[in-house]
Amino acid sequence: MQRARRLNSIPPYLFGEVARMKAKVIAEGRDIVDLGIGDPDQPTPQPIIDKLREYAAKPETHRYDESDAGAPAFIDAVGRWYSRRFGVELDTDSEILLLIGSKEGLAHLAWAMIDPGDLSLIPDPAYTVYKVNTLMAGGEVAIMPLLAENKFLPDLTAIPSDAALRAKLMYINYPNNPTGAVATPEFFANVVDFAKHYDIAVCHDCAYSEVSFDGYRAPSFMQTPGAKDVGVEIHSLSKTFNMTGWRIGFAVGNPDIIAALRSLKSYIDSKQFAAISLSGAYALDHLNNDAALELIRRRRNILVDGLNSLGWRLEKPKATFYLWVPVPPGYSSVEFVKALLQDAGVLAIPGTGYGTYGEGYVRMSLTVSGDVNGERVAEAVRRIRDNVNISWG
Ligand SMILES: Cc1ncc(COP(=O)(O)O)c(C=O)c1O
């Protein structure tokens, strides 16, 4: 029995080695402060759970969702949310599509847009879904390095023109995983110009738009004049409402791209359980997640101030759960992750897990299970201070 060759495009499990090291440290009976995974540790807000109970008890939610784009109540709620949050009006008939989590949409978009031999422009470092699905669809990728000196925005002028001419799709992601960077309206405007010039579809992954601090509000790519002509934006309820396990998100924007994705998906899935879609609609209409964000902000401050007291010069990210931490001299990313884990019992992710340009960094996540008030994060700082050999030369 032979599986499809396209599966060879799937890289070895990114966190394989880290997972093995983690298991070993746990087997030794040691406690780990886990700054690895980016998955909200707080529960989904109670009113959303109550709505799920209510809708799940209604037999009409138990059948196939036979709508075109997802439960109409959800699609309408997305339209209202976009108008309220971003001042962007969307046509609910053609510009919104329910997703079974944003990962599903980001993955299937490559299958909807990329033919064998086509090219996607992919940031590096980045969430690996963009690249792997482009490759599985038979495409190729050209990377757009995200560098500190460019505030982790791709330099569009550095994209070779042969790559730009061949590209059919460009993925971007702000607020950004893993760097924590945010985008400016000027950058988005440059992306629109670039995409129009080279006839490239843009996919803006906006999964972290609502994870922001200190009054910062992330912009939508759709606020950029002309964005709807070239692209779509993909959102998630996962990080906004602590709903990662529920699997619900949505795509909005260019009707042709939305139609292509909808058409592909109509032969793959049958949308989401309507009770989840309707609970998601309730969340979009009525809730925010300020309480959980306040806790994340507190952890961010403790971790950034703590690391800076050990010689780092980190800025506090305005958005996302992530600190993108340069490794001290003398370590590679993986070596530093090993030292953190073995010497201090602190788990971080090597930057190289997100691409070549992640070398020299580790990602620390602020979604720390078991942390009630920042004390686990403070403990991580103490352990690093007392146990890890750091010399800034
Ligand atoms: C940048 C980015 N996009 C999308 C996702 C997927 O989120 P979900 O599929 O839960 O909506 C993640 C999850 O970690 C992410 O980091």
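Residues numbered from 1 in each chain as written. Predicted model: local features only at pLDDT ≥ 70, side-chain atom pairs only at ≥ 80, totals over all residues.

Visitor: Quick question: what am I supposed to make of the overall build of the protein chain here?
Guide: Looking only at helices and strands, the protein chain has 13 helices and twelve strands in total. Whereas a compact globule of 393 residues would reach a radius of gyration of roughly 21 Å, the protein chain reaches 21 Å, a difference of no more than 12%. In terms of overall dimensions, the protein chain has a C-alpha envelope of 60 × 55 × 55 Å along the principal axes. When each of the 393 residues of the protein chain is scored for burial, the buried share is 49%. When contacts within the protein chain are restricted to residue pairs at least 6 apart in sequence, those whose partners lie at least 24 apart make up 75%. (Helix = DSSP H or I, 4+ residues; strand = E, 2+ residues; numbered from the N terminus. Rg over C-alpha atoms; globule rule 2.2 N^0.38 Å. Buried ≥ 20, exposed ≤ 12 C-beta atoms within 10 Å, placed from the backbone. Contact = placed C-beta atoms within 7 Å.)

Visitor: I'm lost on the sheet that holds strand β4 (residues 140–145) in this one. Help?
Guide: The sheet built from seven strands is open, its strands ordered β2-β8-β7-β6-β5-β3-β4 with mixed pairing. If you trace the sheet from one side to the other, it starts and ends with β2 (96–99) and β4, each paired once. For this sheet, the mean angle separating the axes of adjacent strands, direction not counted, is 20 degrees. Here strand β3 (residues 119–124) runs beside β4; their pairing, made up of six bridges, is parallel. What sits directly across from S120, in β4, is V141. Along the sheet, helix α9 (residues 255–265) contacts β2, β6 (201–205), β7 (231–236) and β8 (249–253); its crossing angle with β8, the most-contacted strand, is approximately 140 degrees. (Pairing = 2+ DSSP bridges. Axes fitted to C-alpha atoms, helices over the stretch in contact; angles between N-to-C directions.)

Visitor: Please explain the sheet that holds strand β9 (residues 322–326) as it appears in this structure.
Guide: Two pairing modes exist for strands in a sheet, parallel and antiparallel, and in both the strands are linked by backbone hydrogen bonds. Within the open sheet, the three strands sit side by side as β9-β12-β11. Their pairing is antiparallel. In this open sheet, the two strands that pair with only one neighbour each are β9 and β11 (349–350). As paired elements, β11 and strand β12 (residues 361–365) share two bridges and run antiparallel to each other. Bridged to P350 within β12 is V362. Contacts between helix α12 (residues 333–344) and the sheet are confined to β11 and β12, with β12 contributing the most and set at about 45 degrees to the helix.

Visitor: For this particular structure, what's the right way to read the pairing of β7?
Guide: Regular strands place their side chains on alternate faces of the sheet. Among the six residues in β7, six count as buried, and that is most of the element. Residues G231, E233 and H235 point to one face of β7 and V232, I234 and S236 to the other, with burial holding for every one of them. Here β6 pairs with β7 via four bridges, running parallel. Among the inter-strand pairings, H204 is bridged to a residue of β7, identified as E233.

Visitor: Even after reading the chapter, I still don't get the domain arrangement of the protein chain, so can you show me in this structure?
Guide: The extent of an interface is frequently quoted as the accessible surface area lost upon association of the parts. Along its sequence, the protein chain is organised into domain 1 (5–44 + 290–387) and domain 2 (46–286). A separation of 26 Å is found between the C-alpha centroids of domain 1 and domain 2. Every element with two or more residues in the side of domain 1 that touches domain 2 is listed here: α11 (290–309) and β9. No other element matches α11, which puts four residues into the side of domain 1 that touches domain 2. Across the side of domain 1 that touches domain 2, the residue classes break down as 15 nonpolar, nine polar and six charged. (Domains from an automatic or database assignment. Nonpolar A, V, L, I, M, F, W, Y, C, P; charged D, E, K, R; others polar.)

Visitor: In this structure, what is going on with helix α4 (residues 102–113)? I would like to understand it.
Guide: Because each turn of an α-helix spans 3.6 residues, side chains separated by three or four positions end up pointing in the same direction. The terminal C-alpha atoms of α4, which comprises twelve residues, lie 17 Å apart, in line with the 16 Å expected from a rise of 1.5 Å per residue. Every buried residue of α4 is accounted for by S102, K103, E104, G105, L106, H108, L109, A110, A112 and M113. (Expected span 1.5 Å × (residues − 1).)

Visitor: It is not clear to me how the pairing of β2 should be interpreted in this structure. Could you clarify?
Guide: In β2, alternate side chains face the same way, and those of I96 and L98 on one face and L97 and L99 on the other are all buried. Here β2 pairs with β8 via four bridges, running antiparallel. The partner of I96 across the bridge, within β8, is V252.

Visitor: Looking at this structure, I do not really get the environment of G253. What am I missing?
Guide: The residue G253 is located in strand β8 in this model. G253 gets classed as buried once you count the C-beta atoms within 10 Å, which come to 27. Spatially, the C-alpha atom of G253 lies 7.9 Å from that of A227, the residues being 26 residues apart in sequence. Once residues lying within four places of it in the same chain are set aside, the contact partners of G253 are E95, M222, A227, K228, G231, V232, E233 and I258.

Visitor: What should I look at first to understand the nonpolar core in this one?
Guide: Membership of the largest hydrophobic core comes to 121 residues, with the highest contact counts inside it found for L169 and V346. Considering every element that reaches this core, the biggest residue donor is helix α10 (residues 274–286), with eight residues. In contact with L169, not counting residues within four places along its chain, are A110, M113, I114, S120, I200, A201 and C203. (Core = buried A, V, L, I, M, F, W, Y, C linked by C-beta atoms within 7 Å.)

Visitor: Help me out: how do you make sense of helix α13 (residues 375–387) in this one?
Guide: In this model, α13 (13 residues) spans 18 Å end to end at C-alpha, consistent with the 18 Å of a helix rising 1.5 Å per residue. In this structure, the buried side of α13 is in contact with β1 (33–34), α11, α12 and β10 (346–347).

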